[in-house]
Amino acid sequence: MRDNMAFPFITIPDELVEFSPWMIGPVDEPLQPANAIFENWDYARDIEVCCGLNLRITDLSDHLQIPLHELRLEVVGRAGTGKGRFPKTVFEIDRRDINSASAKIEIRGKVKGSILSARLNLECAIILASAPGSCQPFSPMKPGSRLWSRHIDILLEDGGDSRFPMESVSFKSAFPGKPHQGAPWYFYWYHGNYHMDFAGSTRLYVNRDMARMHERIVEGDPFILQPVVYDVMSQILEVAAADDLFWENFSEYSEGSIGAQAVHWLGMAFPGKSHESIKSLLKNDPGCFHSSILSVAEMEDDQ
Amino acid sequence: MNTVLLLPRLPLIHACNLLEEFKENPPNPVRTLHELQNFDDRITYAPSGGHRSPETALEVADNLRRIAMGVGFPAEKAKGVKTYFDKEATKFLADSPAFKSGEALRDDVWACLTFIFLPDLVSWRFEGYPRGRYFGGVRNAFQRLWTRGVVLDRGKGSHGRWQLVDHLSEDAMVQIFERSSISGNPRLAQQIAEAWLKTREHVPSGDMENVMRRAMKIIRLKNEVYSYPVLSADSLFDEFLRVFSKVSSEVDIKKNDASRHAGSQAEGEEPSAEAGSRSFFSRMKKRFTGR
């Protein structure tokens, strides 16, 4: 049975880790605090990143209920890249043992610009390096147990590829003669595989030819954004709710996938409802189904 | 430092339109730089950071076409032939210098290859213009092969370098490579494949699909709490082999239980739940009809 289960174990709370956030910059230049966007990157520009941790290993030993002489921890820095919520490839940039009583650890690495694409996802994690000989029932025991981690997602290039996939275009030029040429927006999504990355397989096109509407969407007018958001949500939820395959894998969708997004939205629109009742609502009272989605697509009016 | 070869990209919006056009008029692949000029208004490149190289994309396309022709493209349409093409194309793409940069991680680069340079090859490999095979992403006709190749490559000079590519079933490939949380971690994905291959030595091939699906559920769940990618390849292999072994024994037990139930019913012993409900309905029917 043990091989089929992941037992709960104690993790390290933020209070026990003094974290110096990620710094980033071109190699051989002073590093700057990492923000959501790293400007002016291209393949020719190699990047250096670093972050720091300050820890008292005695505190960790007490908290994890593992004797100090048996506690072996490592700090691992990893980087991921590739468009979408999931990095398309992830690699290790640095790894350090925590082996002194009061450990000040720096994770630092250089990343070749040529292997990056669209985003840089950085993770700093404290993991259990080896199984302790003796410990308490809820102490972590398995090497690789993730005890604490911090992530940051940094957009490279102009960042446009990695945010919510949205684009302003002239529908007259982009979709000449198509039935949706006169629509104010068009939500494209690839259905058929709910495990696909949401950001990578959907795109909202806003019609630049409809100047007034376009302007209000770009300005974030909540009265216009509500039907836009509703349209995005309802297109996915209507297909998913009626699809047995979607329900079969309901609890398995990874974060960032179309399936996970649909599960999240269903929870918002139909709190506490069972699969059967949602399916039944769609079939027997589609108006209620859609209005329920519309009501949670409401945007806050800051004015 | 080698200059990155900047490959042509096809934005999603143009890909959508081209697919519609394909359904009305069979696609004509671009075979020369001159023909590529017809798509100047639709193709883009990274603005800086390397050297624009449409000729590299043409060269890749020529090589893939050559591999396909070697197995009988376009006339030969047997499934086995297409599977063989996939394996050979996987090895070629994984080794191709064109895809050693971040360009290979871009969906629009792969969309350009399928829509502009090789639409005929894609429609041979996947009939009916299924859009997932043309658009960039995990199902793109060639992008999926490249991802498989770079992850499953045991390395130049290694014994059985392409053994995983040659022997993994399509179902196993899909289970690994259509899960971004797994396929994005090359060491993790490769060791799952290694464990699959080892398990297949003693599990009937008819059970492997079931075993793989169950094992992947467990591995994905555990990967949320354990940082699998930080473990060594050997540790990962041992871990996954344990999961596969446990799952295959459960599948085996279930099969034995099922056959035992079938046998026991024949001998008049306690019926299974399903058989029980059948006899319940028989009793109800008898009660109402008297028969």
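Keep in mind it's a predicted model, so treat the numbers as computed, not measured.

1. Regarding the interface of chain B and chain A
Stage number 1. At the junction of the two partners, chain B supplies 50 residues and chain A supplies 50 residues.
Stage number 2. Of the roughly 4400 Å² buried where chain B meets chain A, counting both sides, 50% is carbon and sulfur surface.
Stage number 3. Summed over the shared surface of chain B and chain A, the result is 2 salt bridges.
Stage number 4. Note that Lys88 of chain A and Asp107 of chain B form a salt bridge whose closest N and O atoms lie 2.6 Å from each other.
Stage number 5. At the junction of chain B with chain A, the criterion picks out 17 residue pairs in polar contact (both at pLDDT 80 or more).

2. Notes on the environment of Gly256 of chain A
Residues and elements named next belong to chain A.
Stage number 1. Its location among the elements puts Gly256 in the loop between helix H6 (244-248) and helix H7 (258-269).
Stage number 2. Classification of Gly256 by relative accessible area gives buried; the value is 6%.
Stage number 3. Residues Gly256 and Phe198 lie 58 residues apart in sequence; the distance between their C-alpha atoms is 5.9 Å.

3. Some remarks on the pairing of strand S3 (residues 47-56) of chain A
Consecutive residues of a regular strand have side chains that alternate between opposite faces of the sheet.
Residue and element names in this part refer to chain A.
Stage number 1. Burial within S3 is extensive, with 8 of its 10 residues counted as buried.
Stage number 2. Here 7 bridges tie strand S1 (residues 18-26) to S3, and the two strands are oriented antiparallel to one another. Note that in S3 the partner of Glu18 across the bridge is Asn54.

4. Some words on unusual backbone geometry
Stage number 1. A cis amide bond links Phe73 of chain B with the next residue in sequence, Pro74 of chain B, at an omega value of 5°.
Stage number 2. Of note, Gln65 of chain A is a non-glycine position whose phi angle comes to about 60°, a positive value.
Stage number 3. Along the chain, the position of Gln65 of chain A falls in the loop between helix H1 (57-64) and strand S4 (73-81).

5. Concerning helix H3 (residues 54-70) of chain B
Residues and elements named next belong to chain B.
Stage number 1. Taking 1.5 Å of rise per residue, the 17 residues of H3 would be expected to cover 24 Å, and the 24 Å separating its terminal C-alpha atoms lies within 8% of that figure.
Stage number 2. Regarding H3, the residues found buried are Pro54, Thr56, Ala57, Leu58, Val60, Ala61, Leu64, Arg65 and Ala68.
Stage number 3. On its buried face, H3 is in contact with strand S1 (4-6), helix H2 (33-36), strand S2 (50-52), helix H4 (79-95), helix H5 (107-117) and helix H6 (119-125).

6. Concerning the pattern of salt bridges
Residues and elements named next belong to chain B.
Stage number 1. The final tally for this structure, using the stated rule, is 34 salt bridges over all chains.
Stage number 2. Across the salt bridge formed by Arg125 and Asp86, the nearest N and O atoms sit 2.7 Å from each other. Remark: Asp86 occurs in helix H4 and Arg125 occurs in helix H6; sequence separation between them is 39 residues. Neither residue differs from the other here; Arg125 and Asp86 are each classed as buried.
Stage number 3. Between Glu88 and Lys91 there is a salt bridge, and its shortest N-O distance comes to 3.1 Å. Note that Glu88 and Lys91 are positioned in helix H4 at a spacing of 3 residues, about one turn of the helix.
Stage number 4. Judged by relative accessible area, Glu88 falls into the partly exposed class, the value being 24%.
Stage number 5. Three or more residues are tied together by salt bridges with common partners; here these are Asp86, Arg125, Arg144, Arg148 and Glu170.

Conventions adopted
- Residues numbered from 1 in each chain as written.
- Chains lettered and ligands numbered in written order.
- Predicted model: local features only at pLDDT ≥ 70, side-chain atom pairs only at ≥ 80, totals over all residues.
- Heavy atoms only, no water.
- Contact = heavy atoms within 4.5 Å.
- Buried area = accessible area lost by both parts, 1.4 Å probe.
- Salt bridge = Lys/Arg side-chain N within 4 Å of Asp/Glu carboxyl O.
- Polar contact = N/O pair within 3.5 Å; in protein donor to acceptor, adjacent residues only side chain to side chain.
- Helix = DSSP H or I, 4+ residues; strand = E, 2+ residues; numbered from the N terminus.
- Buried < 20%, exposed > 50% of the residue type's maximum accessible area, 1.4 Å probe, protein only.
- Pairing = 2+ DSSP bridges.
- Expected span 1.5 Å × (residues − 1).

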